[in-house]
Amino acid sequence: MSGARWINDPLLQVDRLTMRFGGLTAVNDVSLSVGRGDITALIGPNGAGKTTLFNCLTGFYKPTVGRIAFAPRGGLDPARIETLTRSSGKSARDHGQPLFLLERMADHEITRRAKVARTFQNIRLFSGMSVLENLIIAQHDELMRASGLSLFGLLGLPIYRRSEKAAIARATKWLERINLLDRADDAAGALPYGDQRRLEIARAMCAGPALLCLDEPAAGLNPRESADLNDLLRLIRDEDGVSILLIEHDMSVVMAISDHVVVLDYGVKIADGSPLEVRENAAVVAAYLGVEDVELDAVEAQIGAETQP
């Protein structure tokens with residue numbers, strides 16, 4: 001455990017997060033960390049609170065209680081976090097290293113300033129636009145700044161032309177990496193389902209995130225497409241240095257690529273550790289099999305017996 005980056009070098013730290021909807025508590029007192037350079041999987045049965053937690057992290061919901069500290073570069077120093085928590089600000093800088101409290105920020109600020117990108121369970125490409133245009137539009141904020149809110153673009157000034165050229169180059173690079181360069185001019189909606197999934201991830205990466213949040217990226221994929229997805233996510237982690245947090249029901253994907261797994265059940269964290277530790281956790285097995293708490297001792301005994309040499 002000494003090399004566990006989610007413990008020793010986290011870039012995201014969630015402390016005692018609770019999300020209530022009236023009398024319903026969807027997420028209850030959850031704390032977790034995402035390690036810098038890790039692929040972290042958030043798993044659990046249907047209705048466990050995974051997507052609600054995701055929505056709190058990315059600004060779609062404001063948590064009822066809790067703190068979400070994020071440091072895209074540099075460390076999550078407890079003293080800095082505490083100082084910022086006591087202040088009224090959303091972010092702070094120390095020697096050029098930004099620190100953000102995501103629970104205080106709007107969703108667009110989390111994307112633009114904190115550099116957290118996400119995808120959704122349901123594909124949200126611009127189906128009538130070309131594959132290339134979908135990747136260019138992900139760089140909208142940068143292009144708008146370079147265009148002087150359109151004026152420089154209308155005048156064709158060099159600052160905008162350089163930015164436009166850079167955006168096309170970045171989009172083209174990602175099309176090459178997901179093997180869709182030959183489909184650049186096709187409508188995104190005409191792509192096969194698996195290609196659309198990969199295109200959506202590439203579009204999120206064109207925003208230059210420090211943390212990529214993926215909501216069930218393997219949903220609906222066949223085994224070959226799931227293997228391609230695994231390769232793409234490893235490449236993003238290893239070559240781009242981007243940390244990944246994903247919700248996933250496909251355990252073959254989770255166990256193949258994850259460095260760290262967090263398990264929720266009925267809004268409560270029941271396990272947190274390496275894939276091997278989580279796979280052998282009796283509470284996790286019980287949650288997925290629908291075993292009642294009173295039967296947990298029997299499950300633990302059975303798992304222990306099965307894992308004896």
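Here, every reference points to the structure presented above.
Structure report, in brief. (Residues numbered from 1 in each chain as written. Predicted model: local features only at pLDDT ≥ 70, side-chain atom pairs only at ≥ 80, totals over all residues. Heavy atoms only, no water.)

So, on to the side chain of R36. Its location among the elements puts R36 in the loop between strand 2 (24–35) and strand 3 (39–43). A distance of 3.0 Å separates a polar side-chain atom of R36 from the backbone oxygen of P72. Ignoring anything within four residues of it in the chain, the contact list for R36 reads R5, D9, P10, L11, A71, P72, R73, G74, G75 and S243. (Helix = DSSP H or I, 4+ residues; strand = E, 2+ residues; numbered from the N terminus. Polar contact = N/O pair within 3.5 Å; in protein donor to acceptor, adjacent residues only side chain to side chain. Contact = heavy atoms within 4.5 Å.)

Quick look at the environment of F21 now. Among the structural elements, F21 can be located in strand 1 (residues 10–21). Residues F21 and P63, spaced 42 residues apart in sequence, show a C-alpha to C-alpha distance of 10.0 Å. Residues in contact with F21, not counting those within four places in the same chain, are A26, T52 and Y61.

Counted residue by residue, strand 3 has 5 buried out of 5 residues, so it is predominantly covered. With burial as the criterion, each face of strand 3 is covered, one bearing I39, A41 and I43 and the other bearing T40 and L42. Where strand 3 meets strand 10 (residues 260–265), 4 bridges bridge the pair, whose relative direction is parallel. Note that in strand 10 the partner of L42 across the bridge is V262. (Buried < 20%, exposed > 50% of the residue type's maximum accessible area, 1.4 Å probe, protein only. Pairing = 2+ DSSP bridges.)

Once that is clear, we can look at the layout of surface pockets. Put simply, the largest pocket is a space of about 780 Å³. Elements that contribute at least two residues to the lining of the largest pocket include exactly helix 4 (107–112), strand 7 (116–118), helix 6 (140–146) and helix 9 (193–205). Looking at the lining of the largest pocket element by element, the count peaks at 5 residues for helix 4. Residue classes in the lining of the largest pocket are distributed as 11 nonpolar, 6 polar and 11 charged. (1 Å grid on protein atoms, 1.4 Å probe; cavity = no way out; pocket = protein on both sides within 12 Å on 5 of 7 lines; lining within 4 Å. Points joined across faces, edges and corners; volume = space filled by probe spheres on them. Nonpolar A, V, L, I, M, F, W, Y, C, P; charged D, E, K, R; others polar.)

A sheet is described by the order of its strands in space; here 6 strands give the open sequence 7-8-9-3-10-11, paired in mixed fashion. Each of the sheet's edge strands pairs with one partner strand only, and the pair in question is strand 7 and strand 11 (268–273). Direction aside, the axes of adjacent strands within the sheet are offset by 15 degrees on average. Relative to strand 11, strand 10 runs antiparallel, the two sharing 5 bridges. Across the sheet, residue D265 finds its bridge partner in strand 11, namely V268. (Axes fitted to C-alpha atoms, helices over the stretch in contact; angles between N-to-C directions.)

This next bit is on the side chain of E200. As for its position among the elements, E200 is in helix 9. Within the buried core, E200 has no salt-bridge partner, and the shortest N-O distance to an opposite charge, that of R203, equals 4.0 Å. If we skip the residues at most four places from it in the chain, E200 touches T119, F120, N122, I123, R124 and L125. (Lys, Arg positive; Asp, Glu negative; His and termini not counted. Salt bridge = Lys/Arg side-chain N within 4 Å of Asp/Glu carboxyl O.)

Any functional reading would require information that these geometric values do not contain.
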